[in-house]
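# Structural characterization, general
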Protein chains: 2
Amino acid sequence: MNTEVSMSIDIEGLNAWWRAANYLSVGQIYLRDNALLTRPLASEDVKERLLGHWGTTPGLNFVYAHLNRVISQRQQEMLFVTGPGHGGPANVANAWLEGTYSEIYGNIGSDASGMNALFKQFSYPGGIPSHAAPETPGSIHEGGELGYSLAHAYGAVFDNPTLIAATVVGDGEAETGPLATSWLSSSFVDPAVDGAVLPILHLNGYKIANPTVLARMPEDQLRQLMYGYGYDPRFVTVTDPADTAAAHQDFADVLDGCIDDIHAIQDRARTSPAQAGDPAPRWPMIVLRSPKGWTGPAEVDGKPVEGTWRSHQVPLSEIHTDEQHLHQLEEWMRSYDPGTLFTENGELRPEIAALAPEGSLRMSATPYANGGWLLKDLVLPSYTEHAVAVSAPGTEKVSPMITVGGYLRDVIDLNPHTFRLFGPDETASNRLSAVYEVTDKAWQPRIEDVDEHLARSGRVMEVLSEHLCQGWLEGYLLTGRHGVFNCYEAFVHIVDSMFNQFAKWLKVHRVLSWRRPIASFNYMLSSHVWQQDHNGFSHQDPGFMDHVVNKTADITRVYLPPDANTMLAVTEHCMQTRDTVNVIVTGKQPTPTWFGPEEAQLHVRRGIGILDFAGTEEPGVEPDVVLGCAGDVPTLEAVAAARLLSAGVPGLKIRVVNVVDLMRLQDETEHPHGLSSRDFDTLFTTSKPVIFAFHGYPALIHRLTYRRNNHANLHVRGYKEEGTTTTPFDMAMLNQIDRFQLAMDVIDRVPTLGASQGRLRQDLQDQRERAWQYTRDAGKDLEAITGWTLDESSPDDAQ
Amino acid sequence: MNTEVSMSIDIEGLNAWWRAANYLSVGQIYLRDNALLTRPLASEDVKERLLGHWGTTPGLNFVYAHLNRVISQRQQEMLFVTGPGHGGPANVANAWLEGTYSEIYGNIGSDASGMNALFKQFSYPGGIPSHAAPETPGSIHEGGELGYSLAHAYGAVFDNPTLIAATVVGDGEAETGPLATSWLSSSFVDPAVDGAVLPILHLNGYKIANPTVLARMPEDQLRQLMYGYGYDPRFVTVTDPADTAAAHQDFADVLDGCIDDIHAIQDRARTSPAQAGDPAPRWPMIVLRSPKGWTGPAEVDGKPVEGTWRSHQVPLSEIHTDEQHLHQLEEWMRSYDPGTLFTENGELRPEIAALAPEGSLRMSATPYANGGWLLKDLVLPSYTEHAVAVSAPGTEKVSPMITVGGYLRDVIDLNPHTFRLFGPDETASNRLSAVYEVTDKAWQPRIEDVDEHLARSGRVMEVLSEHLCQGWLEGYLLTGRHGVFNCYEAFVHIVDSMFNQFAKWLKVHRVLSWRRPIASFNYMLSSHVWQQDHNGFSHQDPGFMDHVVNKTADITRVYLPPDANTMLAVTEHCMQTRDTVNVIVTGKQPTPTWFGPEEAQLHVRRGIGILDFAGTEEPGVEPDVVLGCAGDVPTLEAVAAARLLSAGVPGLKIRVVNVVDLMRLQDETEHPHGLSSRDFDTLFTTSKPVIFAFHGYPALIHRLTYRRNNHANLHVRGYKEEGTTTTPFDMAMLNQIDRFQLAMDVIDRVPTLGASQGRLRQDLQDQRERAWQYTRDAGKDLEAITGWTLDESSPDDAQ
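Residues numbered from 1 in each chain as written. Chains lettered and ligands numbered in written order. Predicted model: local features only at pLDDT ≥ 70, side-chain atom pairs only at ≥ 80, totals over all residues. Heavy atoms only, no water.

## Considerations on the overall build of chain A
Condition: In this text, helices come from DSSP runs of H or I with a minimum length of four residues, and strands from runs of E with a minimum of two, each type numbered from the N-terminal end. With the radius of gyration taken over C-alpha atoms, the globule rule is written as 2.2 Å times the number of residues to the power 0.38. We call a residue buried when its accessible area falls under 20% of the maximum for its residue type, exposed when it is over 50%, and partly exposed in between, using a 1.4 Å probe and counting protein chains only. The criterion used for residue contact is that any of the two residues' heavy atoms lie within 4.5 Å. Note on areas: Shrake-Rupley, 1.4 Å probe, and residue coverage restricted to the protein chains presented here. By the counting rule applied here, Lys and Arg register as positive and Asp and Glu as negative, while His and the ends of each chain are not counted. By convention, the point assigned to a charge is CZ for Arg, NZ for Lys, CD for Glu and CG for Asp.
Helix and strand counts for chain A come out as 26 helices and 22 strands. Against the compact-globule benchmark of 28 Å for 799 residues, chain A has a radius of gyration of 30 Å, which places it among compact chains. Projected onto its principal axes, the C-alpha coordinates of chain A cover approximately 95 × 65 × 40 Å. For chain A, with 799 residues in total, the buried portion stands at 70%. Excluding contacts between residues fewer than 6 apart, the proportion of contacts in chain A whose partners are at least 24 apart in sequence is 77%. Of the accessible surface of chain A, which amounts to about 23,400 Å², a share of 48% is contributed by carbon and sulfur atoms. Once the 62 positive and 101 negative side-chain charges of chain A are each reduced to a mean point, those two points are 4 Å apart.

Listed below in structure tokens is the structure:
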């Protein structure tokens, strides 16, 4: 390796690149014409509305220039992650300097007119955002919402042993919770098989309108904080903004030391594996304290700007009304001496262009930032081998999560470098423990004798932070790998906002032809709302589905497999999809298996279908009532309700429809999985009552179906925030999705029952009352909901 | 003050209390009868299903006993915050020992039968959850979801100068993002006017199934981490679990030191105020390393349990099938020597009971944990003085947020100790800067000359963490004060899950008669989806409303004031509500003011109403079409559409209905603010087309109205995830809620237009095309959407 090699440092070259990037950054924020300043700057050359953030940008450009030197000298693979929110001009400027921008975007050439176009499009209607985004070459990180840079970076380096993710962390985002805990990621990165993250904490001193906590810490305190987080911090402090040569020399020296030390840690781990008692490696990181708005106007209107919060956005804002501001802008841009940077045609001068790394080593062109280039299909285990044999529908009680756990075990086994399982300390609780037959949980700190399933290079990533699980997996997927995030259903809301950003990323990513499809993000949500007996009310929330369906239909999928085999089939399907977010919700308790292996695959492929075994309809005759269901518990209750009704009302023609792919309920014009109106009407009729038992909040079903012909006859039961510490079956009763209630709902809506209606209803009411007493009583409450299978439909028979 | 007083330490008394609390904790987890072990323990005495978490509980009981000593000896006001998720048995046990439990819950007496009832209800159908919850006396903290303990504690001590919030932080939750950044809260607590938080990091070593990162850190590293977070850590390490006397002595000494040092910091700040250059005070904190499941079974079935992850939940799980387990349980419970703790009647022996603090000093009875007892109404400024005079509807363009900023300034001025404004570095960006005329941002680190509006004791709490803003305000409200959380609309999703937990807390809190009403949680969301020109796609998400309405109708309110005066009236109203969550969404840009001061109040009181000035209907005649609107931008567009139509289609009877209180759309049976069917039909007709322009995702309007008679004729326009970096008016067009589109929607649905329909539509289409070109052009784009007021309805006239 290249460790401990003395590297020459071309200060002048570094500074030229930096000046060029800064020039292009200022240009993006201000100009719509006269990019090269070939004539005196005029008000018309400047955008009408000035939007963008100068403050953080020169620091980013500074770091980028230095990383380029390291990449070129060492042929080091690097990924650049821009944490500071509005550092977009820096990424774009450097991508243009490296030639990548023009290679990707034909309308932005590498000459003067290209530069004009580059400037004009920034923060402009129809143009590009002011932060790093999918449109930004070399980025896997949306800079709009803060706090996820380090988590993305760590996700990117897992299983990429030669990669270093240089990650600039803004001191603003450092105050967010997700970032604050992301530092702990170093306890999960294995120097033997993973790459490295080099965090560069960039202390500009200010966020939008306030100083930052980390920047105002005494240096000794900040040093201890970083040491405490597990790093070996090195400080580069720019004390004299004008002495750029000293700043370059300092940073270059420190950077070389970091790269050397990273390689030393990796070499050590790769030649002599860590012992159980060893502590986690202490990785280098850099604290760069540089003035906010460095090289920008020192003062504006007599007030200090460089080095203060006043340079956060646009330091000179009155260009169109204040001659002095216009003049000062021109002076500022000319201070970079553009004539020495660009040719008369606006091309980067060849001696500066030569400083860029070559080809895919350019951080703006690295395939790691366009993971689809690196993506390989997963080798999938045999579905058939994992599927549960079914003697008759509902006979075998099997946990869907345990079943899929065995499948995931084999996925891990078959794909030892390209698949990981993520979870917030809930993988065992969610019943996926089979994976520990072939792998362990990744853990770099000391390992003790009492520990089980911990190893330096485990494929299961467990940390008590949903934010980290989400961020790591996003980074892992965006760099071309596969994964699953298993989580308690209620607490996945912790990452609602991260999901939003990722969904928005995917939507844009999909329409950029140069970005290659990536593996889908798979949520596997269990320990769900209906199985929270001892955890109670705080653990009950099925609303993540509602949240997800607000996002673009092209990328959102929601599956509610009702049993083990459908769960397996859904998982097999999701593992092969690209560029979507798949939300899978199912239970971990044993539940009746309704579908045989082949039926399950067929049902999942259809996404919706009639449960023939449960209904009582006659061929060719429209049923009297439809019982719809989606989710494992609702399906059990609907099937049981149908059974109660068939016993109580002979001749009643009941159809039971199960929905496994929730998006089938939407119209085909609204979602790619949507059913045509005709197919929907065929299943649900256009005039018969539909009683629908739903896993989540009832409103979601109405929302998905309000355009349907038979919507007026649709009556949905679901979770309505009732129940706390109680048994699963009591939960069903409190929220009125239990079999008795569903059967009563049918009776209330079928007009043909005549005189027997009252008696039937009373009978069901009585049964319900008995069941309530039973489940509230001491024993066997856990089994109640699964015990009442088809053959045990009265509480007295329950196991 | 009580500083530096030497305090006697009654080790035996401490240990007796601890044993009693431990006994009651084990009893809760296991027993349903035979609480006092008056007969040999039998299988029937033990609950059928064993649920609960022993691991963290003895440590919590240990800390609680010690805090009681300090409270009694110093008459120190204390609040106990239980971070570890499933520490519920500890809180309940101590509340029962202090007598509070029986005072509050008449069915749980302070004798043997009460103890039996106490045991049985725990984690039992119809009983209490296994973590601290609203039902738990003395708690302001839901233990179900992890990570918010420190934020709640800091919120509780703001403006409570004599209070110490002793906060046990679990080492599991310490891995969460929100907790990781909560440590930084000490940079915002003012020792002169606030109380103090005493964090007790409780290192049990394990979460559910894994060791914790903090527990496996070398001690030197953990010390540096805590120092880095700004604290002065003191370590208490229980090396010999059997030597409880040493453990008590160590902890008592350290605790006394902490209390002394807290008082010293406060005394110093209260006698000689900090200077600008001073660093933030360094507060004491404790790291308590004690065995998980301390005093529980050392081994079970030959495997180590005490001190390992095996004691996380129920260390003896086979009670009903394994005689040895049953025997070991009895032995374990008898090891606490219950005969020395309780009388034969099951009452706590008086000498132990005497160790509890008295009356409201008991942490289980402190009014701080039942904030409604302390709540005082806000003194509110004059609405009329802040309201904007309106010469004619839509003439005055005013920013709703700037207007309410002046109002909030006066609220702060009039309520100097009971109201705070929280925000993630966005208060100025959201245009509330008027508050800085009377106060500053609280900031304890060094203050520099260039800083503006920073002070040790500011009333504005700004930190770049939505989690901290939410957690602090929750803590502030739950202890009886008032506040507002202002936030960018898109990023409030960061706290979706915290909102869930708080909403669930409120729902339970409302039905507990002993819990007094608290001030409502007020969200003020701005910089919203329609005003994200330079921030683009990542900043566009109006879905928080959707999320909120999933929670119980009793507590959720959503307001979309369309102008400055309605914003003011909504705010005035929300400030006076109790026990609800009020979500207010409005813009920060100048927007036409439609309502005069009195009209605005009336409109807000009604929540929904007809905009007479905008419509063209005739008295007593049903209109041809209804244009609905909710939100500032949609209202402007709907009014403008009505104007376009009235010009283009003379005689068309248009009604414009504005919704400011979104819950009015629901039926009165579904939400307390819901409109009756009759009133709804009166406004929206039962048969005429309704075109509805909505601020958020269109599905929400359908969801709220799907039961309404005229729902089939309702056509909603809203945000559909289109548009990125562009102008506000372009956003409206891309998502098709612009005036031209709305007018075309009307034309498409009014059947009476006859032959002129095609021409009218084409004309609107042409206008729309011109507008598009205009807004995509360089200049004046910002003003476009507000510039096209009633008198400037063509783009050529735009400002």
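The discussion continues.
## Some remarks on the sheet that holds strand β4 (residues 231–237) of chain A
All names here are of chain A. Defined as follows: DSSP-based pairing: two strands are paired if at least 2 bridges between them are found. Lines fitted to C-alpha atoms define the axes here, with helix axes fitted over just the stretch in contact, and angles between the N-to-C directions of these axes take values from 0 to 180 degrees.
Strands sit in the order β1-β2-β3-β5-β4 across an open sheet of 5 strands; the sheet is parallel. Two strands bound the open sheet, and with one partner strand each, they are β1 (77–82) and β4. Pairwise comparison of adjacent strand axes, ignoring direction, gives a mean angle of 20° for this sheet. Summarising the sheet, strand β3 (residues 196–203) and strand β5 (residues 283–289) pair through 4 bridges and their orientation is parallel. Directly across from His202, in β5, lies its bridge partner Leu288.

## Focus on the environment of Gln121 of chain B
All names here are of chain B. Assignment of secondary structure puts Gln121 in helix α5 (residues 112–121). Note on Gln121: relative accessible area 16%, which makes it buried. Along the sequence, Gln121 and Ser391 sit 270 residues apart, while their C-alpha atoms lie 64 Å from each other. For Gln121, the residues in contact, after removing those within four places along its chain, are Tyr101, Ile108, Gly127 and Ile128.

## Observations regarding the sheet that holds strand β22 (residues 714–717) of chain A
Residue and element names in this part refer to chain A. Pairing is mixed across the open sheet formed by 5 strands, whose spatial order is β18-β20-β19-β21-β22. Looking at which strands have only one partner, the edges of the open sheet turn out to be β18 (608–610) and β22. Averaged over all pairs of adjacent strands, the angle between strand axes in this sheet comes to 20°, irrespective of strand direction. In the sheet, strand β21 (residues 690–694) pairs with β22 via 4 bridges, with the strands oriented parallel. Paired with Val690 across the two strands is Leu714, which belongs to β22. Each of β18, β19 (625–630), β20 (654–659) and β21 touches helix α21 (residues 677–684); the most contacted strand, β20, lies at about 135° to it.

## Structural notes on the packing of helix α14 (residues 466–478) of chain B against helix α15 (residues 496–511) of chain B
All names here are of chain B. To keep things clear, this is the line we draw: In these notes the angle categories are as follows: under 35 degrees is roughly parallel, over 145 is roughly antiparallel, 65 to 115 is roughly perpendicular, and the rest is oblique. Left-handed describes a crossing whose near helix is turned anticlockwise from the far helix through less than a right angle; right-handed describes the clockwise counterpart.
Running from N to C, α14 and α15 point in directions that differ by 15°, and their axes come no closer than 11 Å. Looking at the two axes, α14 sits roughly parallel to α15. Where α14 crosses over α15, the handedness of that crossing is left-handed. On α15, the residues touching His467, Gln470, Gly471, Glu474, Leu477 and Leu478 of α14 are Met498, Phe499, Phe502 and Trp505.

## A closer look at the relation of the copies chain A and chain B
Note the cut-off: Here the copies are superposed with least squares, the fitted atoms being C-alpha atoms of residues at a pLDDT of at least 70 in both.
With an RMSD of 0.0 Å, the operation that places chain A on chain B is a rotation of 180° combined with a shift of 0.0 Å along the axis. The symmetry that links the two subunits is that of a two-fold axis. Of every C-alpha in chain A, the one belonging to Gly177 of chain A sits nearest the axis of rotation, 2.0 Å from it. Comparing contact sets, 100% of the residues at the interface of chain A also lie at the interface in chain B, consistent with an isologous, same-surface contact.

## Observations concerning the domain arrangement of chain A
All names here are of chain A. Here is the rule: The domain limits used here are those given by an automatic or database domain assignment. Buried area: the sum, over both parts, of the accessible surface (1.4 Å probe) that disappears when the two are put together. Think of a salt bridge as a Lys or Arg side-chain nitrogen and an Asp or Glu carboxyl oxygen that are within 4 Å of each other. Here a polar contact is recorded for every N or O atom pair within 3.5 Å, except that within protein the pair must consist of a potential hydrogen donor and a potential acceptor, and residues adjacent in sequence are included only if both atoms are side-chain atoms.
Split into domains, chain A comes out as domain 1 (11–359), domain 2 (394–406 + 414–438 + 446–591) and domain 3 (607–787). For domain 1 and domain 2, the distance between their C-alpha centres works out to 33 Å. Across the domain 1/domain 2 interface, buried area totals approximately 2,700 Å², and carbon plus sulfur atoms make up 62% of it. Across the domain 1-domain 2 interface, the total number found is 3 salt bridges. Here domain 1 and domain 2 share 21 residue pairs in polar contact (both at pLDDT 80 or more) between them. If you list the elements that add at least two residues to the side of domain 1 that touches domain 2, you get α6 (149–157) and α7 (177–182).

## With respect to the interface of chain A and chain B
By a widespread convention, an interface's size corresponds to the accessible area lost as its parts come together. The criterion, for reference: Here the term charged refers only to Asp, Glu, Lys and Arg, the term nonpolar to Ala, Val, Leu, Ile, Met, Phe, Trp, Tyr, Cys and Pro, and the term polar to all other amino acids, Gly among them.
With 119 residues of chain A at the contact, the number on the chain B side is 119 residues. Contact between chain A and chain B buries roughly 9,500 Å² in total, counting both sides, with carbon and sulfur atoms accounting for 56%. Summed over the three residues of chain A that lose the most area to chain B, namely Arg216, Leu464 and His534 of chain A, the buried surface amounts to 8% of that side. Linking chain A with chain B are 14 salt bridges. At the boundary of chain A with chain B, the tally comes to 63 residue pairs in polar contact (both at pLDDT 80 or more). Among the secondary structure elements, those contributing two or more residues to the side of chain A that touches chain B are α7, α8 (213–216), α9 (219–228), α16 (496–511), α17 (544–549), α22 (698–705), α25 (756–776) and α26 (781–787) of chain A. When grouped by side-chain class, the residues that make up the side of chain A that touches chain B number 42 nonpolar, 44 polar and 33 charged.

## A word on the pattern of salt bridges
By the definition in use, this model includes 68 salt bridges over all chains. Between Arg310 of chain B and Glu452 of chain A there is a salt bridge, with its nearest N and O atoms 3.3 Å apart. With one member in each of two chains, Arg310 of chain B in the loop between β7 (303–304) and α10 (323–334) and Glu452 of chain A in the loop between β10 (441–442) and β11 (454–455) form a pair that bridges those chains. By relative accessible area, Arg310 of chain B is classed as partly exposed at 21%. Overall, Glu452 of chain A belongs to the partly exposed group, its relative accessible area being 33%. Notably, a salt bridge pairs Arg708 of chain B with Asp667 of chain B, separated by 3.4 Å at the nearest N-O pair.

## Let's talk about the packing of helix α1 (residues 11–30) of chain B against α5 of chain B
Residue and element names in this part refer to chain B. Remark: α1 packs on α5, axes separated minimally by 6 Å, with the N-to-C direction vectors making an angle of 55°. One way to sum up the angle between α1 and α5 is to call them oblique. Here α1 and α5 pass one another in a crossing that is right-handed. Of the residues in α5, those touching α1 at Tyr23, Leu24, Gly27 and Gln28 are Met115, Leu118 and Phe119. A breakdown of the residues in the contact of α1 with α5 according to their chemical character gives 5 nonpolar, 2 polar and no charged.

## Some thoughts on helix α3 (residues 88–97) of chain B
Residues and elements named next belong to chain B. Counted residue by residue, α3 has 10 buried out of 10 residues, so it is predominantly covered. Inspection of α3 places Gly88, Pro89, Ala90, Asn91, Val92, Ala93, Asn94, Ala95, Trp96 and Leu97 among the buried residues, and these make up the whole buried set. Taken together, the buried residues of α3 touch α1, α2 (57–74), β1 (77–82), α4 (100–104) and α5.

## Some details on the environment of Arg664 of chain B
All names here are of chain B. Here Arg664 shows up in the loop between β20 (654–659) and α20 (677–684). Taking the C-alpha atoms as reference points, Arg664 and Arg557, 107 residues apart in sequence, are found 9.8 Å from one another. Those residues in contact with Arg664, other than ones at most four positions away along the chain, are Arg606, Gly607, Ile608, His673, Gly674, Leu675 and Arg708.

## Side note on a negative patch on the surface
Residue and element names in this part refer to chain A. The following threshold applies: Every patch collects residues that have over 30% relative accessible area and no salt bridge, joining them within 9 Å if they carry like charges and within 5 Å if they are nonpolar side chains (Val, Leu, Ile, Met, Phe, Trp, Tyr).
On the surface, a cluster of negative charge is made up of Asp240, Asp243, Asp250 and Asp253. Within the secondary structure layout, Asp253 lies in helix α10 (residues 244–271). Judged by its relative accessible area of 43%, Asp253 falls in the partly exposed class.

## So, the side chain of His671 of chain B
All names here are of chain B. On the secondary structure map, His671 appears in the loop between β20 and α20. A polar contact is formed between the side chain of His671 and the backbone oxygen of Thr556, at a distance of 2.7 Å. Beyond its immediate sequence surroundings of up to four residues, His671 is in contact with Ala553, Thr556, Arg557, Met663 and Gln666.

## Topic: helix α19 (residues 597–606) of chain A
All names here are of chain A. Keep this limit in mind: This arc corresponds to the set of directions leading from the helix axis out to the C-beta atoms.
Where α19 is concerned, the buried positions are Ala600, His603 and Val604. Take α19 and look down its axis: the buried residues cluster within an arc of 95°, on one side only. The outward face of α19, more than 90 degrees from its buried face, is lined by the exposed residues Glu598 and Arg605. Buried-residue contacts for α19 involve α13 (383–386), α18 (564–574), β18 and β20.

## Points about the pairing of strand β2 (residues 163–170) of chain B
All names here are of chain B. With 8 of 8 residues buried, β2 is to be regarded as a mostly interior element. Burial along β2 is two-sided: Leu163, Ala165, Thr167 and Val169 and Ile164, Ala166, Val168 and Gly170, pointing in opposite directions, are all buried. Of the pairings in the sheet, the one linking β1 to β2 comprises 6 bridges and is parallel in character. Note on β2: the bridge partner recorded for Leu79 is Ala165. Where β2 and strand β3 (residues 196–203) come together, 7 bridges link them in parallel fashion.

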